[in-house]
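Single-letter residue listing:
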Amino acid sequence: MLRKIYLLFLTVLAALPVLAQPGSGSVKGKLTDQSNGEAMPFANVVAKRNGVVVSGAQTDFDGGYFIKPLEPGSYDIEASFPGYQPKKIAGVLVKSDQITFLDIKISQSELQVVEVVSYKVPLIDKDAGPSGGTVRREDIMRMPGRSGESIANTVGGVTSTSGGISIRGSRPDGGNFIYIDGVKVRGSSNLPKASLEEVKVITGGIPANYGDATGGIISYTTRGPASEFSGSIEGVSSGFKSGDKAVGLDAYGYNLIEGYVNGPIWSKTDADGNRKPVLGFSASLNYNSQVDASRSPIGYNVLTDSEYSRLYNNLLVPNPTQTGVNPSAQELRASSFENVKTGRNTGSQNVAGSAKIDVTTTPTINLTFGGSFNYNKARQFSVANMAFNSDNNSTVRNFDWRAYGRFTQRFKSNEESASNVKNIYYSVLVDYSETHGLQQNEAHKKNFFDYGYVGKFDILKNASAPFALTAPDSSGLRYLEQQALRGDSIVIFTPGTQNPTLARYTEEYFNTFNAEGGFYQSLDQVVGRGLRNGDSPLSIYDRFNALGTPFGSYNRNDFNQFRVSASGSADIGDHAITAGFEYEQRTDRNFGYSNLVSTNRTNNLWAIARSKTNSHLTELDKDNPIITYFDENGNQLQFPVITYNTLINSASQTAFDRNLRTSLGLNVNGDDQINIDALDPSQLKMEYFSADELVNSGNSLVNYYGYDVYGNKLNSRPSFEGFFTDRDQYGQYANKIGAFQPIYFAGYVMDKFAFDDIIFNIGLRVDRFDANQKVLKDKYLFKEAYNAGELRDGSTPFSVPAAYAIPTNIGDDYTVYVDDPKAPKAILGYRSGNQFYDRQGRVANAEAVRNSSRVIAPAIKNITDDPRLRVVEPQAFKDYVPQINLMPRIAFSFPISDEANFTAHYDILTRRPVSNNRLDLIRYTYLVTYLHR
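Residues numbered from 1 in each chain as written. Predicted model: local features only at pLDDT ≥ 70, side-chain atom pairs only at ≥ 80, totals over all residues. Heavy atoms only, no water.

1. Section: the packing of aromatic side chains
This is how it is decided: Here a pair means two rings of Phe, Tyr or Trp (six-membered ring of Trp) with centres within 6.5 Å. Their orientation is stacked below 30 degrees between planes, edge-to-face above 60, and tilted elsewhere. Secondary structure elements are taken from DSSP: a helix is a run of H or I of four residues or more, a strand is a run of E of two residues or more, and numbering for both begins at the N terminus. Per-residue accessibility, obtained with a 1.4 Å probe over protein chains only, is compared with the maximum for each type, and a residue is labelled buried under 20%, exposed over 50%, and partly exposed between these values. To sit over a ring, a charge needs its Lys NZ or Arg CZ within 6 Å of the ring centre and within 35 degrees of the ring normal.
This structure, assessed with the given rule, holds 39 aromatic pairs. For the ring pair phenylalanine 407 and tyrosine 426, a centre distance of 5.9 Å and an interplane angle of 45 degrees mean the geometry is tilted. Taken as a pair, phenylalanine 407 in strand S28 (residues 395-411) and tyrosine 426 in strand S29 (residues 421-440) lie far apart in primary sequence, 19 residues in all. Given the relative accessible area of 27%, phenylalanine 407 is considered partly exposed. Each member of the aromatic cluster is reached from another via a ring pair, and the members are Phe448, Tyr451, Tyr554, Phe591, Tyr593 and Tyr707. In this arrangement the basic side chain of lysine 184 is found over the ring face of phenylalanine 177, its NZ or CZ atom lying 4.8 Å from the centre. Its end group placed over the ring of tyrosine 312, arginine 504 keeps NZ or CZ at 5.4 Å from the ring centre.

Below, the structure is given as structure tokens:
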């Protein structure tokens, strides 16, 4: 099937002289003599933009001309013929994917002074094109909105939501696509307003040169170079920051400065002595900042300064039982809060820019290079933080950039030729873009052990371990035997400086209860009263983050996209045939640590590090007792004392413990007890953990792909099978996961023609999406299972009792379900695809296949206790089969009066998966853990 589609596509391309770029427009019309209306054959018609000739055409025998491709914008169309006065129609609007119809009449005259008339925008467009709307630069500059998104919102059917733009109710994250100068955008599409030439929104009747969208298309076209230098600068301000407030026209403190400049870089003189630019540029830059980017119209309720100070100094109060403490924030009243109009610690800064360079190499060849970028840094608004904890809002940074090069060549048509093929051109676009995102605790950044650090806990040990009197042995002798390792006797706390408010909780607890109260005789007794390292205070009313709660995660992503698209057009008779393709390769990487600090006292970073320390020193060496019969003065003891050294169990020693001992200069194989909470965070590193220890059996500290578990970018793609076999220097699984690299390819053919006043647009688009990864062979099976055919021919390690003979209607490829996958004693049913059958071969559902005393399970081939293969195995996967979609597009329009057009269209639209489509091997491996979260 795929081969036939490719063959058809290549045949169509071969039939054309060339391969129109998405977003290009054209001007079409007829040149006639103003006095008698006769056609003017072989006259010159050119399109100028900012004084620079962009393209042109020669009229045919009937005086017709067709100029394309033209970037959307405003052009001066100039017609000339020997013996006639040249005429220029100024300000002709060219829209993307549409034909602008313009008939021109010129008069006989020896005058060579150009007659200039202004273009009158028709009430309706003959070529209505797709439904939606187009906003031109003249209108854009008069609009109050500062972004392309706000301008697109002025088009009917477009709605702005918290997640982005929705077109005709589509989901913002998957239904739409945005283009900038033909480049498909990933990440931010923010551009300086001064750089916009046109904003076009397609809400329906999407032509075949656009795809991969089920909602609509937004296309931004930036301004081009000019023959003379020009520029502008603009500033806007609504106020400035003063303390915690914005002072000025509003409470948000919005400030902007924006500049634009264009002009020639290199010009040369033609034969007539006129300077014509060969190399031109345009550039724009925008900087804006906001004191409060959240911009709430009703403000926020926050603690008053006096209450904040009081609460900071009294975070805890004893509870009525006098055996613990309660957060004092639970006792606040409405009078403790005030309403402020400016959100605290929610400011943002943004820089955006775009640039374009045009190279006119010959009259028929153009080169364009361009790009845009957007950088944003903001303190993330958090409803949970605003009341008590806005100082700990996370920092978010996003940086997007894209660059492209476009080559366009037009072929001059010989109007005297008998050929029926005219207006031939092609365009090739190569673009590359990157998107980088980062969210972190601004105070700690990559110092991950600082995130939840409270302070130093010095733990004093008992003088001796606990002993117990044994029962008499065979000789009647009794002993005092050591029962356990020496325990903690008292904890001494020294507050840290990394999180001073967080440390206050534990400091207040230690100041509230003295040692005689027995509430800090061990580190575990601090839990629920003060905070240990890694612990986060409980939320207030399960809604608000308590004072001092640190942002406890770190996450970054890196996405890039390489894309090649080519398109071209040729007029064959009355048909404007367009064909093209696009190829896109994405590479997505993500890395992050979660639970660096949390209320989960057993699963945050410090808790896991604590559990990995001294893991091999938890037992006594009872195989080598030390028996003492006499005291230090030589007197015989009433009961001999049996003591033991600490057992060093190297098999249970963790990579974290070994690496930590090495860094501290301790004997790796020694029995020194390490108190990790007495160490400074600078003495601890994530690299001390092995990959398996960070994955933590699915209770993962780390989430990643395209990086290793320590945040190092993988330069090569690990093999799929290697995830199940490769081990690190510690002998544990390396857990390497490659970047997600899906491939998208599309080709299309379109035909635009007119029948009387009816303009038809007909096209066919073929999309091919390859996830470029492994997927399950059977969505019900994570491991290979026996089928009925293998049971029939006896190739299974278990036999089928006569009472469970396989029914004749059960095919050999049906999966077998049994009562116990480890030791099957009975067959309970079968499955083919989604359909289940009971053991008699009758159609049933999964519930009916099992009975009250038996649990249904597939007859698994490989039963193992290996944690890596217990749930999933590589044999259960296959290569993703690329998905191919054919999408016909049909649209037509015609005027029904001088004031209205009738349009209709039929589209088939598809969209590739936008989320949850990446193979997550960690989740498969530890599926039980994820299901019980």
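Structure's up, so let's keep going.
2. Brief notes about the side chain of serine 348
We count it as follows: By definition, residues are in contact when any of their heavy atoms lie within 4.5 Å.
Note on placement: serine 348 falls in strand S26 (residues 348-362). In this view, serine 348 contacts Asn288, Ser289, Gln290, Ala293, Asn376, Lys377 and Ala378; residues no more than four positions away in its chain are not counted.

3. Quick notes on the sheet that holds strand S9 (residues 115-118)
Under the convention used in this document: The pairing criterion is simple: DSSP has to find at least two bridges between the two strands. Lines fitted to C-alpha atoms define the axes here, with helix axes fitted over just the stretch in contact, and angles between the N-to-C directions of these axes take values from 0 to 180 degrees.
Reading across the sheet, the five strands line up as S3-S2-S5-S6-S9 and stay open at both edges, with mixed pairing between neighbours. The open sheet terminates on both sides in strands that have one partner only, identified here as strand S3 (52-58) and S9. Across the sheet, the mean angle separating the axes of adjacent strands is 25 degrees when strand polarity is ignored.

4. What about the nonpolar core?
Test applied: As used here, the term nonpolar core means buried Ala, Val, Leu, Ile, Met, Phe, Trp, Tyr and Cys residues forming a set that is joined through side-chain atoms within 4.5 Å.
If you look at the biggest cluster of nonpolar residues, it comprises 45 residues, and the most contacted ones within it are Phe449 and Phe656. Counting residues per element, the ones that place at least two in this core are strand S35 (575-593), helix H7 (605-612), helix H8 (655-664), helix H9 (691-695), strand S40 (702-705), helix H10 (722-725) and helix H13 (921-925). When residues in this core are grouped by element, the largest group, four residues, is from H7.

5. Re the pairing of strand S46 (residues 835-838)
Bridge analysis of strand S45 (residues 827-832) against S46 gives four bridges, and the strand direction is antiparallel. Bridging across to S46, serine 832 finds its partner in glutamine 835. Taking the residues that link successive antiparallel strands as the turn, the S45-S46 hairpin has two residues, and the phi of glycine 833 there is positive, at about 65 degrees. What sits between S46 and strand S47 (residues 843-844) in their antiparallel hairpin is a turn of four residues, with glycine 841 showing a positive phi close to 90 degrees.

6. Section: the sheet that holds strand S14 (residues 183-184)
The strand order across the open sheet formed by five strands is S10-S15-S16-S13-S14, and the pairing between neighbours is mixed. Pairing within the sheet leaves two strands with one partner each, and these edge strands are strand S10 (131-136) and S14. In this sheet, strand S16 (residues 216-222) lies alongside strand S15 (residues 196-204) in antiparallel orientation, the contact comprising six bridges. Bridged to glutamate 198 within S16 is threonine 221.

7. Regarding the pairing of strand S44 (residues 815-818)
Across the two faces of S44 the burial is the same, with Thr815 and Tyr817 and Val816 and Val818 all buried. Note that S44 and S45 share four bridges and pair antiparallel. Along S45, the bridge assignment pairs valine 818 with isoleucine 827. Where S44 lies against strand S48 (residues 857-858), two bridges are found, and the strand directions are antiparallel. Considered in S48, the bridge of tyrosine 817 is made with proline 858.

8. Some thoughts on a nonpolar patch on the surface
As a reminder, the rule being used: Within the patch definition used here, like charges are joined within 9 Å and nonpolar side chains (Val, Leu, Ile, Met, Phe, Trp, Tyr) within 5 Å, considering only residues with over 30% relative accessible area and no salt bridge. Only the protein chains shown count as cover for residues, and all accessible areas are computed by the Shrake-Rupley method using a 1.4 Å probe. Basic side-chain nitrogens of Lys or Arg form a salt bridge, by our definition, when they fall within 4 Å of a carboxyl oxygen of Asp or Glu.
Judged by side-chain polarity, Ile265, Trp266, Ile357 and Phe369 come together as a nonpolar surface patch covering roughly 400 Å² of accessible area. Tracing the backbone shows isoleucine 265 in strand S20 (residues 254-269). Judged by relative accessible area, which is 49%, isoleucine 265 ranks as partly exposed.

9. What about the confidence of the model for the protein chain?
To keep it simple, the criterion reads: The score called pLDDT rates the predictor's confidence residue by residue, from a low of 0 to a high of 100.
This prediction gives the protein chain a mean pLDDT of 87; 92% of its residues lie at or above 70. For residues 1-21, every residue scores under 50 in pLDDT, and the model assigns this stretch 49 contacts once sequence neighbours within four places are set aside.

10. What about the pattern of salt bridges?
Scanning the model with the defined rule gives 47 salt bridges in all. Notably, a salt bridge pairs aspartate 558 with arginine 556, separated by 4.0 Å at the nearest N-O pair. Residue classification places aspartate 558 among the buried positions, given a relative accessible area of 12%. The partner of glutamate 582 in a salt bridge is arginine 765, and the shortest N-O contact between them spans 2.8 Å. With glutamate 582 in strand S35 and arginine 765 in strand S42 (residues 758-770), this pair connects stretches of sequence that are 183 residues apart. Assessed through its relative accessible area of 4%, glutamate 582 is described here as buried. Connected via shared salt-bridge partners are Lys184, Asp212, Asp431, Arg563, Glu582, Glu584, Arg586, Arg765, Asp767, Arg911 and Arg912.

11. Digging into the side chain of asparagine 262
Note the cut-off: Polar contacts here mean pairs of N or O atoms no more than 3.5 Å apart (in protein, one a potential hydrogen donor and the other a potential acceptor; neighbouring residues in sequence count only if both atoms are side-chain atoms).
Locating asparagine 262 in the fold gives a position in strand S20. Residue class for asparagine 262 comes out buried when judged on its relative accessible area of 2%. In terms of polar contacts, asparagine 262 uses its side chain to reach the side chain of serine 230, at 2.5 Å. Here the side chain of asparagine 262 touches tyrosine 260 through a polar contact of 3.2 Å, side chain to side chain. Not counting residues within four places of it along the chain, the set of residues in contact with asparagine 262 comprises Asn50, Gly224, Pro225, Ala226, Glu228, Phe229, Ser230, Phe281 and Ser282.

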